[in-house]
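A look at the structure
Here is how the chains run, residue by residue.
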Amino acid sequence: MSTSTAESCPECGGQLVIRNGAHGPFFGCSAYPGCDYIRPLKAGTDGHIIKVLDGQLCPQCGGTLVLRQGRYGMFIGCGNYPECEYVASMNSPDETTMACPQCHDGKLLQRKSRFGKTFYACNRYPACQFSINNQPVAGECQYCHYPLLVEKKTAAGMRLSCASKACAKQQKQQHEKNDES
């Protein structure tokens, strides 16, 4: 679906229309595919400067660092962009002490998706693509002996389950084991 505007295309003179794409609305030429001119609906929304960080210098070029708002949240970058592409994350991922159960070489990191949801992934990505959405807990599955458990919220409260997608069974609690004996 597209909506006509009074603006004309700077490349071919055709009429600009508002279209919807994967990243939201944008201006596009009505002569598409003959003319592929596009422009963001909101100019300067991706990577715009929020604050200049006086006294903090870029380790690559010596320019002043700035706080920017980007597609995936706030980040610190060089003020001399695009000549210098230095970028520092605002919050580095928290590393857990748990080894990756898939590759056994990496450690699990707490990460955030672009939508702000927390997940845990191997620090050896892309060599190892292990990831889980729930909080990992050190332990072994009582059923399949997988070396990692996860916390899951249920109606009965927080319960431990196997982190293996093939098993995913809820673990018996200590008092349940004692009742069966």
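Everything numeric in this text was worked out from a predicted model, so none of it was measured.

**Here's the deal with the overall build of the chain**
Secondary structure assignment for the chain yields one helix and 15 strands. Across the 181 residues in the chain, those meeting the buried criterion constitute 28%. Surface exposure of the chain reaches about 12,300 Å², of which carbon and sulfur atoms provide 50%.

**A look at the nonpolar core**
Formed by 17 residues in total, the largest nonpolar core has its most connected members in Cys 100, Phe 130, Tyr 146 and Leu 148. Secondary-structure elements contributing two or more residues to this core are strand E11 (118-122) and strand E14 (148-154). Take this core: its biggest share by element is three residues, from E14. Sequence-distant contacts of Leu 148, that is, excluding residues within four places in its chain, are made with Met 98, Pro 101, Leu 108, Phe 130, Ile 132, Pro 136, Val 137, Gly 139, Cys 162 and Ala 163. Counting residues in hydrophobic clusters, the runner-up holds eight residues, among them Leu 53, Cys 58, Leu 67 and Ile 76.

**Describing the packing of aromatic side chains**
Throughout the structure, instances matching the rule amount to zero aromatic pairs. Note that Lys 169 overlies the ring of Tyr 143, its terminal NZ or CZ placed 5.0 Å from the centroid.

**Points about the pairing of strand E15 (residues 157-162)**
In the sheet, E14 pairs with E15 via six bridges, with the strands oriented antiparallel. Across the sheet, Lys 152 pairs through a bridge with Arg 159, a residue of E15. Count of turn residues in the E14/E15 antiparallel hairpin: two residues.

**Quick look at the UniProt feature "domain: DNA topoisomerase type IA zn finger" (unreviewed entry) in the chain**
Under the UniProt annotation, the feature "domain: DNA topoisomerase type IA zn finger" (unreviewed entry) is placed at residues 7-42, 56-91 and 99-135. In residues 99-135, helix accounts for 0% and strand for 38%; the two terminal C-alpha atoms are 14 Å from one another.

**A look at the environment of Glu 151**
Relative to the elements of secondary structure, Glu 151 occurs in strand E14. Relative accessible area serves as the criterion here: at 31%, Glu 151 is assigned to the partly exposed category. Separated by 10 residues in sequence, Glu 151 and Ser 161 have C-alpha atoms that sit 6.4 Å apart. Ignoring any residue separated from it by four or fewer positions in sequence, one finds Glu 151 in contact with Asn 134, Gln 135, Val 137, Met 158, Arg 159 and Leu 160.

**Some details on the pattern of salt bridges**
Using the criterion set out here, one finds one salt bridge in the structure. A salt bridge links Arg 39 to Glu 7; its shortest N-O distance comes to 3.2 Å. Placement of the pair is Arg 39 in strand E4 (residues 38-40) and Glu 7 in strand E1 (residues 2-8), with a sequence separation of 32 residues.

**Details of the sheet that holds E14**
A sheet is described by the order of its strands in space; here three strands give the open sequence E13-E14-E15, paired in antiparallel fashion. In this open sheet, the two strands that pair with only one neighbour each are strand E13 (136-138) and E15. Strand-to-strand, the axes of this sheet are offset by a mean angle of 40°, without reference to chain direction.

**Overview of the side chain of Ser 161**
Mapped onto the elements of the fold, Ser 161 is located in strand E15. Among the residues examined, Ser 161 registers a relative accessible area of 3% and is labelled buried.

Thresholds, definitions, all that
- Residues numbered from 1 in each chain as written.
- Predicted model: local features only at pLDDT ≥ 70, side-chain atom pairs only at ≥ 80, totals over all residues.
- Heavy atoms only, no water.
- Helix = DSSP H or I, 4+ residues; strand = E, 2+ residues; numbered from the N terminus.
- Buried < 20%, exposed > 50% of the residue type's maximum accessible area, 1.4 Å probe, protein only.
- Areas by Shrake-Rupley, 256 points an atom, 1.4 Å probe, with all protein chains shown as cover.
- Core = buried A, V, L, I, M, F, W, Y, C linked by side-chain atoms within 4.5 Å.
- Contact = heavy atoms within 4.5 Å.
- Phe/Tyr/Trp six-rings, centres within 6.5 Å; stacked < 30°, edge-to-face > 60°.
- Lys NZ or Arg CZ within 6 Å of the ring centre and 35° of its normal.
- Pairing = 2+ DSSP bridges.
- UniProt positions renumbered as here; feature names shortened; annotations may be inferred.
- Salt bridge = Lys/Arg side-chain N within 4 Å of Asp/Glu carboxyl O.
- Axes fitted to C-alpha atoms, helices over the stretch in contact; angles between N-to-C directions.

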